[in-house]
Structures are given as structure tokens and as C-alpha cells.
Amino acid sequence: MNAPESKRAFRYVGTRPVRPDGVEKVTGKAIYGPDYQAANMLHGAILRSPHAHARVRSIDTKKAEALTGVKAVVTGADFPTTEHIIMAVGESSSDLVHLSRNCMAQDKVLYDGHAVAAVAATSDEIAREALDLIEVDYEVLPHVLGIEEALADDAPVLHDDVFTKGVNPTPDKPSNAAMRVEMGKGDPEKAMADADVTVSGRYTCEAVHQGYIEPHACVSAWDSDGQVRIWASSQGHFAVRSLTAKILLISEADIRVTPLEIGGGFGGKTTIYLEPVATLLSKKSGRPVRLAMSRAEVFRASGPAPGAVIDITMGANKDGMITAVDMEFKYHAGAYPAITAHSGASSALSHYTIENSRVIGWEVLCNRPGTKAYRAPGAPQSIYAVECALDEIAEKLGMDKIEIRLKNAARPGDPNIMGIPQGEIGYVECLEAARDHPHWSAPLGPNQGRGIAGGAWGNYGGPSTAQVSIAEDGTVLVTTGSPDIGGSRAAMAMMAAETLQVPYEKVRVAIADTSSIGYSMVTGGSRTTFATGLAVTNASNEIIENLKGRAANIWEVNASEVAWGEEGAVCLAEGKTDETMSLAALAARTTFMVGAIGAESSVNPGGFLPGVGVHICDTEVDPETGHAKVVRYTAIQDVGQPIHPDYVEGQMQGGAVQGIGWALNEAYLYNDKGCLDNPGFLDYRMPVASDVPMIDTVMVEKFNPGHPYGIKGVGEVPIVPPLGAVACSVSEAAGVRMRDLPLTPDRVHEAMHPDD
Amino acid sequence: MPSQAYHAPATVDEAVALLSGEPDARPLAGGTDLIVQMKSGRNAPDAIVDLKHIAALSGVHRNGDGFAIGAATACTALKNDAALAAAWPGVVEAANLIGSVQVRNRATMGGNLCNASPAADAVPALVAAGATCLIAGPAGEREVPVEQIPIGPGHTSLAPGEFVVEIRLPGQVAGGGDAYLRSIPRTEMDIAVVGAGVNLVLDGSGTCTAARVSIGAVAPTVLLVEDAAAALIGSKLDDAALDAMGKAVSAACNPIDDKRGTKKYRIAMVAVLARRTALIARERAGAAS
Amino acid sequence: MSKIHVTTTINGDESEFLCTPGETLLDALRNRLGLTGSKEGCGSGDCGACTVVMDGQMVCSCLVLAAEAQGTTIDTVEGVAEGSELHPVQQKFLERGALQCGFCTPGFIVASKALLDHNPDPSETEIRYWLAGNLCRCTGYDKIVRAVQDAAAELRQERTPA
């Protein structure tokens, strides 16, 4: 539905073929991070801090080293001293010293689960036994977990060299306020004073984990000539290479990282935890070393998304025009400074055109694992508050919740919060699709409520490299540097097939190691199909030009007199218009005539557009127990041109259910010692199949003019609207405004029965 | 995962000898708790004594009017026994709320009882049903009510070398019916935040003549709440009786605040669940009378 | 400590291995027999990525000791396809786009096949509750449930005499 006016006619793009890597994944043959084995491999294990905050006075590894079967022990002392330089980490960035110390603590441990030592041994059992023999002398320090607590004057300060960034002048006292960011325009104070109605509230949500099912794992092999081979599952093996190289002070060309299949990431595998440790263990032992996290280690020591405290005031005139927004949010940074507040601030109001606004964001250090990217990092939290405030305004004005959004929706050309005109975004079309969807007008049952919320994410382009070559029989090989986390091989093959006008089945896709293809940024930021797809398209077009030249030589005409079509090269020259030459025929001449047919393209494209979406959620609340169950859910999104609609819908559905989990049950829970109390799937409580209904999807296809196939990134937006949609739905069903996520049964019950 | 030995005895006597002989031997039934505890380091037995190869511990058998459930029988097998499921639907449903299908194909009634979790799903239903268990040990066999096995979280009244051989359920009487409900945040895969088992008997007029009410996850052990039963007996489970029962279970419980729910919520919820459970039991009892 | 010798039938073939007393069946399958199709997502029976069928019952192989496999019959994801012929559950997962990263997929394939072996016409609710022990973080379950429904329909048709 909702076909755009300028729907292009494509042969493969927009169809739903079986993905090229499908069979090996349904038969159990695909090799993921924990599956890879190297010959003569040792098994590593990491000793982790049992304290939330402590000084490491000393580490005695002698007994562990003496255990039969132990081949190497590594501590922070084995890590070279690195400089405070800012490294790109996925869509974000981090200080190199912090990255290194997160892999292995040096003077202080900053969270429960922080790595303090590692062992490599001939078996996993021996490695774990050796961990028990390592003696760490800790001086336990007071810890702080909560955002407000961490900002208190008397809070324990995590770092003595972190001074709030973004504050002028820079404070002379270190604090847990790592960063402040402010954006805005107009005069929000005056506009708020003049508003016909205002609403104000504090919204909170908890830190949540990406919840990928595959724990982090790698194998590293350091040879005596200084050459390092790493096999890892990650969202970006080039990032694994550069971060490992910088932390260990070795050159990037000496590290060859081979990407294994990746079992989910959602942003959480754009950084490194294990690779430098495994590499040092390998250097010490002279043998390949595998490190793999347990589920508990994943929860305790990889990077969740920040929880947040958000204060928002919103003003509107009586027609429902939002005239002013004033919001201040504070995000957990975790143990090390993060920059999620930036995207939280720039995303917060990005799908509306609001004349007067002030958005202030803070990054707050606390004794939790350092936060990392999780699907539209920073946006779900701030937009949750914006969408709920909008809901409250609509309620006050007695206005339809789609009408109020339509009234304020950002349209192409409108200036965003930074004054930059919006591109071809389809927020209005999404809202109209929501209004026209049967879900919106369906009657509700008893104890049910309906919520609606929108959301946006800026998306990205970023560097990608792709090679396309033609085998001697005319079949097509596409090679990229972008790990396939959810079906992107299919999209690459489809774009190559479309461009070259060859059958999809004739195209095969491989993902090359870091020494076999040029640099490609991580698979993340909703960029891969867009940017790597552009590189594939460009390389395919270059091949067409090359083939046209070859045909022109054979026909003794100018290349400009050759066209390319399904039949291959077509001669346009007068008198020779019957001449055609298939790709197979041209390729057959490879071996003895004119050499290989191949092209490489490296891109760093602009032209990406934000993704926007609208979700409708019905919940039913048990008034006696406070249980909220999602009974109907519809996700609507401007997806540009979908390449493989199954995998676009899959992104929408998966993101929606992650957001439902965030809204209803998921949370990092700590005990009074500052240790994670739910480091497992049992008590972390991600949605299971019986928790959710079918997730209906509506793809609004508003072509992106900045991409040959009209692509907009689709992966991140879907987690943005659910927090608001679920919260507003439960609020309506429960008859009381719920502002603190997750909406666990005890919280909803408490809100419904405050006097019990 | 360290352990020095694995034994799979074929008889009760061999198992008793192994469990009393090794200093830190642990019986293994379904393993769905023990193996997780071994992995997390919470439990590091020197020896594992797998009880699943002992015939007496496997399967559901008739025992007079009632049933004997081998302690190492998987929960799924209870559901597959039509007579047991007809007589004690609450017990069978409780056992089949544990974990996932995969887990219930391994998890056992003996394990659920002897793991001694206050939140064990099968236990309140068994207690409400008046189940007993047959225990084997170095001093021979003994039979005790199920509620006497757990004495605190993770601790049982079993002496060293003792293990549960079978769980015995009486025959369900005419006019009898049982039920079990639990409250969890999700729809599956969670540990009970509150559980309630009710077993009652109605006479021809619909008056409750006997009742047992048991609650889980609201105290260090599963509780049998006699005041709650008393509130039902003599009534037709009218609102006043159900309210009185609800007050009795709320008064009896002694829960904690933890990651699975607040103390306040548990106290409120136990009354709600006990009421709902009682109404299901009444319906079943009515159908059976 | 001495190792235990275990003889078992895996995917129809007699198989033997040595294991330690505390070793799980999952570890033995993956590390001793090279059957890495069964995945470890949690090691505590909460994600189902290690689901195998043992003597006809699906179980989490991370919650079974390798020693317990003595004399049993084990079916893993590697044995679901018959030779190079995919099982309808596998085929429908492909056709429906019911996998994204694919890491949970082996567990879902084994569990879905076990469901259809035992219930040829499950309702959506039955499918969802049967699969509640298998976590998927990518798909939101929608396309998985539809793939199982499609596979059920195809299997019913295959079983119906013409």
C-alpha cells in the first residue's frame, strides 16, 4: 500500500528472493563467532571484578601461571600505554585510553564485571580453574549507579581526569557529568509563557541490553613475525582491526581480521572487548587463543543502552500547534564517557517543526558498564518523552492524536532544530497511513488502550568498498567489507542483478577480510544497504562500461554506440543493430583475450535521509494484577525503496518488539553492592514469542532521490516509537499516566491502586 | 564445569550407597536447576548421581485410588497421563508452567521440590493436593507430607544420603477439584512472582466441605494456609468467603522485595491469585460432583 | 579425572566420544563432535539456541550432561534436512525471511519441526507458546510464526493422500 507517485519499475529490487546465505543458516552450517576453531588453539577466560568500584592494589598471577595447562596470563600491566586520542567506534567515538581500560582494567575497576586478568590454557576447564588462583587485592570504593545520585555533590567520582565537556568555562573539578550538549532555536521561554496549554513531566527509562543471542567471541593468532590473524564476529571487522591495532600499538596492516557470521549486534558489536586480550594471550603463548563470553559476561561487561531521566515541558496554542519545547535529559554513560546525548538531542524533535525549543542533554558517569550503541542510539529515550508530552497536550486539547502530529509534522524543506532544511522525509505520509489503517479505527475492548507515537533517526552514509567481478561463465561475484547481520547479502545481490540486468541467481556475495578489500565502516547506522549498496551499484555500472567497450572493440564501433540490456551488449551502430553479445559470451573471452572483468568502488556518500516511523499499539491491562499485554501492533515507516521487503519488514518487526521489551519488562537491575542482579535471560526478560502478537507493517515507500535505488536506512527507526506507543497505550488502558519504564505489573498495579 | 564423577545407578539401594558414600554427591534428576547452578559456580558437587535410570523413579503409576509419580519423571509425562490430568489438573498444569517445553521435557517433580525454591511452581499445587513423598535413605524409607521437604530457600529436610523416590497423590474425591495459578511478568519463561494452589471439595449443594490453600514465592518456603482454607469451608465461595480467604493468604505471607517483584505487590497479588485459583477449583469441583 | 566413554546415535549414525563428568551435551556436540549447528546463547536453558531432540523429546542440550546421552538417540539441526533436501520448516524459514542474523535459527528449526511432528495443525497461540523457550531478538517472531504455519500447511498437504 501507499505506493509513491514515482514508483520505479524494477525487475529484482522490491522482490523477495531467498537470501544467498540462507541454506547454510537453516542447516546449522554457518560459522559464527563461538564456532570458529584454529588448529592448536588455546582456550581463554577472563577474571572479572566482583566489585562495582574498587582500586586494584595488586594482582598475583603466580599460582595461575603454575597450574598445569596454563600457557599465558595477561593483566592490565601487559597493555601498552596509549594516548588520549578519540577513536571512531561505530557511529560513536571513544577515548583510546578508555577503550583499552575497558578491555582490561588497570588501576581501578569501574563496574561489576570489569575485566582484571585473563588466562589461556589447554582447556576451558583449566582456564577457569586458573582464574580462581589469581589473587586480586581490591580496595573497595563507594559506588554510584543512579543518574541523579551520580550528579550529587558528594557522589563518588569515577575518573579524576574527566571534566564536563560542553560547559563554558570547563569546570576545574572532575565530576561524573561527562558532557553537556544544548541545542535549540527561537525563544522557548517566551513562547512557553504565551502558550495556551502546557504540560510538564518527568519521564524515566532504564538501561537495556541489545540482547543479541550470540555472545561475543573471537580467535586471535599472533605469529613471531608480528603478523596477527583475528577471526571475530562483529559489525565491522575494520573497526576490530583499527581498535586492536591502536590499543596494542601495532600497525593495521599487520592485523588481518576475518569476519565470521554475526549472531546479532544492534549496535552492540561495533566496538571491541575481547580481541586485544586474545591477541596478547596469543603473543605470550605463541598459540591461537579463543575468548568467548558467557551470557552473564555479556550482560555484565558489554555495553548496554543508557537509561534516562527526562524532564520536559511542552506548550501549544489551542489549535494544537506546538509553540515551545523545553527539555533536559540525562543519560547513563556508564563507566566511561559516551556521546549518546548528542544524537538524543538532535533526534528529539527532528520529526516536528517547532519554532521555539531548547534541548539539553547530559552524559552521566556511573558504576555500570560503559554504554554503547543500540539501534538509533539516544533517540528512543528522548523521543519517548516528546511523544508522551504530545499525547498529554492532545488529551488536554481534546484533539485527535494523529491530527496534532500532522499539524506539527516536519515536511520536506522545513528547517530542523539546527536550521538545516529537511530532505524528502515521509513523516506526513506515515501519519496519513496510520490514520487510514484499520487498526486506528478498530474498536477497543474492555481494559484496553491505544497508543500512537512517532519517531525518527538521522541515518548515515559512511565509507564502504565493494568489488564486483565476472566469472568466466558470466556469473557475478560481489565482494564487500560489510558484515551481513540481517540479510544484506541478498540486498547486494539484488542491486548487482538489477544494475547488470542479470538474473539474481547468477549473483553470489562474499564478505572479505580486512586484507582482501578496502576499508568499510561498520554495519550499523542503517547505512549498509544504502552505502555499500551504492558501492556495489557503482562497481556494477563500471563493469557495464567496461563490457560495452569490449563489445565495441569486437564490433569495431564506438563504445557510445553500445547499449547494455538484459541480453547483454546491444549494438546501436547503423547497420549493426542486430548485433548483441551476452554477458556470458563476453566473459568467455576473459581467459585468452582481454583479461579479467572486475571493478571496485569506494564510496562515502551523502544523500542519506532520515528514517521516520509511526507505531500504533493496543494493550490490555489486567486491572487486578497490573499486567499489560500487547494485543495489537502496527508499525508504519517511510522506508524509501525497499530492496528486499521481507528484510525491511523484519527490521520493523524486530525493532518494534525490542522497543516493546524496553517499555514493558527489560531493565538492568542492581543489588545494593552495585552488582548486576539479573545477568541472564531468565530475569532480564526479553519478549518471548507468546508475549507479542503479529506485528503488522506498512511500508511507506518515499523514494530517496539521493540514491540510485531510492534507499533509506530502515534498521534503526523501528525501536524509536515503541516506548511512547506502549506507554501511552498502557496509560489509557490503566486510566493513569505512566511515565516510568518499564511498565512491569507491580508498577502498573501500584499506579492503579495507589491507596492500597 | 567441575565434577569428579558421574554415576547412573539402576537401583534405589545403589543410589543410596553412592549418595551416602561420596562426601559431596548430588542427586541429578532433570538437571534443569542443578546444571545451571553448577555452571554459575553456586553448586560444585564432587559426584553426580543420576537417578533417571532407576525404574521406581520413572513414570506415573496408580497407587490405590491415587497416583505415584516417580520423582525423576519429566513434567511433560504428567500431562500425557490422562487419568492424572483428569484427577489433578492443578498439579499437572503447575508442573507444565515450569520453564519452556524443552525444560519441561527434563524438569521433574522431585527436582522442583528438592531444589527448594520458594517460587517452585509444582509445589503449592502438590501441597494443596495433600501430596506426600516417599523418601529413601541410609535409614530406609519414610513418607512425609510434601510441605515438610523445603525448609528454606535451597535447603531441604532431607538427611545426607536421602532422596525422594516418588510423590504420592491421593485419589481425587467426588466433588473435589484443584487448580494452580501463578503471576509472572511475561507469559512464559519466568519464575513465579506469586503462586497459589487451591484444592477443595464441594457437596451436592455447592458448599465447600474441605479445602487446602497453598501459596508460593511469598515466604522462604511454600506455605499451607489453614486460615485461608477455613475461610472457604462451609461457604459457597461467595464474595465474603473469597475476601476472607484473600485476607488470610495476604496475612500469612512474608515476602521480600526482589528483582522479580515488590513485597507490597506480592501481598496484594497473593489474594488476587488465590481468589482466581479458588474459582477455577470450584468450577472443577462442581463438574466433578 | 577420568573421562567417560559415551556411545549414542546422533542424526542416525552411531557415535562415540569421551567427556568429563560435568560436561554438557552441548559442549560435547560442539567441541568433541564438531556439530556447531547447536548454539550456546545462554547456557541456562533460557534461549533454546541449543535445542536438540533426545529420545524423541526436545531439550536444551546445555541442560543435559554429555554423560546422560549414553544409549540415547540425539537429533540435531544438522540432521533435519534429508541429505541435500531441506525439510519444509527450513524451506519456509527461507521463503518467509524468518531469519535475520540466523544464530537462533537452528534452535527454532529443531523446535518447530518437533512441534509439527507432534501437532500437525497448531494454532498461532500454540506455536507461540511452544516456541516461547526459543529467543529471537531480530525478527519479533512474526515471520517465524508464519513460516511454521506455512510449513504445517505444506506438511499436512504432503500427508494427505492424493
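All names here are of chain A. Mapped onto the elements, Thr 528 comes out in helix α16 (residues 528-555). Note on Thr 528: relative accessible area 6%, which makes it buried. Those residues within four positions of Thr 528 in sequence are excluded, and the remaining contacts are Ser 482, Ser 488, Met 492, Val 522, Thr 523 and Gly 533.

On to the sheet that holds strand β3 (residues 47-50) of chain B, then. Residues and elements named next belong to chain B. Read across the sheet, three strands follow the order β1-β3-β2 without closing on themselves; strand pairing throughout is parallel. Both outer strands of the open sheet, β1 (5-7) and β2 (25-28), are each paired with one neighbouring strand and no more. With direction set aside, neighbouring strand axes in the sheet form an average angle of 20°. With four bridges joining them, β2 and β3 adopt parallel strand pairing.

With that settled, consider the interface of chain B and chain A. Chain B puts 20 residues into the contact, and the matching count from chain A is 24 residues. When the buried area of chain B at its contact with chain A is split by residue, Arg186(B), Lys259(B) and Tyr265(B) rank highest and sum to 34% of it. Here chain B and chain A share five salt bridges between them. Measuring nitrogen to oxygen at the nearest pair gives 2.8 Å for the salt bridge that ties Arg276(B) to Glu624(A). For the pair chain B and chain A, the interface holds twelve residue pairs in polar contact (both at pLDDT 80 or more). The dominant element in the side of chain B that touches chain A, judged by the number of residues it contributes, is helix α11 (residues 263-288) of chain B, at six residues. Taken together, the residues that form the side of chain B that touches chain A break down as nine nonpolar, four polar and seven charged.

This part takes up the confidence of the model for chain C. Overall, the prediction assigns chain C a mean pLDDT of 96, with 98% of residues at 70 or greater. Here the complex is predicted with pTM 0.97, and the ipTM for its interfaces comes to 0.98.

Now for α16(A). With 28 residues, α16(A) ought to run about 40 Å at 1.5 Å a step, and its terminal C-alpha atoms sit 39 Å apart, in line with that. Looking one or two residues beyond α16(A), the residue adopting positive phi is Glu556(A), at roughly 55°.

Calculation rules
Residues numbered from 1 in each chain as written. Chains lettered and ligands numbered in written order. Predicted model: local features only at pLDDT ≥ 70, side-chain atom pairs only at ≥ 80, totals over all residues. Heavy atoms only, no water. Helix = DSSP H or I, 4+ residues; strand = E, 2+ residues; numbered from the N terminus. Buried < 20%, exposed > 50% of the residue type's maximum accessible area, 1.4 Å probe, protein only. Contact = heavy atoms within 4.5 Å. Pairing = 2+ DSSP bridges. Axes fitted to C-alpha atoms, helices over the stretch in contact; angles between N-to-C directions. Buried area = accessible area lost by both parts, 1.4 Å probe. Salt bridge = Lys/Arg side-chain N within 4 Å of Asp/Glu carboxyl O. Polar contact = N/O pair within 3.5 Å; in protein donor to acceptor, adjacent residues only side chain to side chain. Nonpolar A, V, L, I, M, F, W, Y, C, P; charged D, E, K, R; others polar. pLDDT = per-residue confidence, 0-100. Expected span 1.5 Å × (residues − 1).

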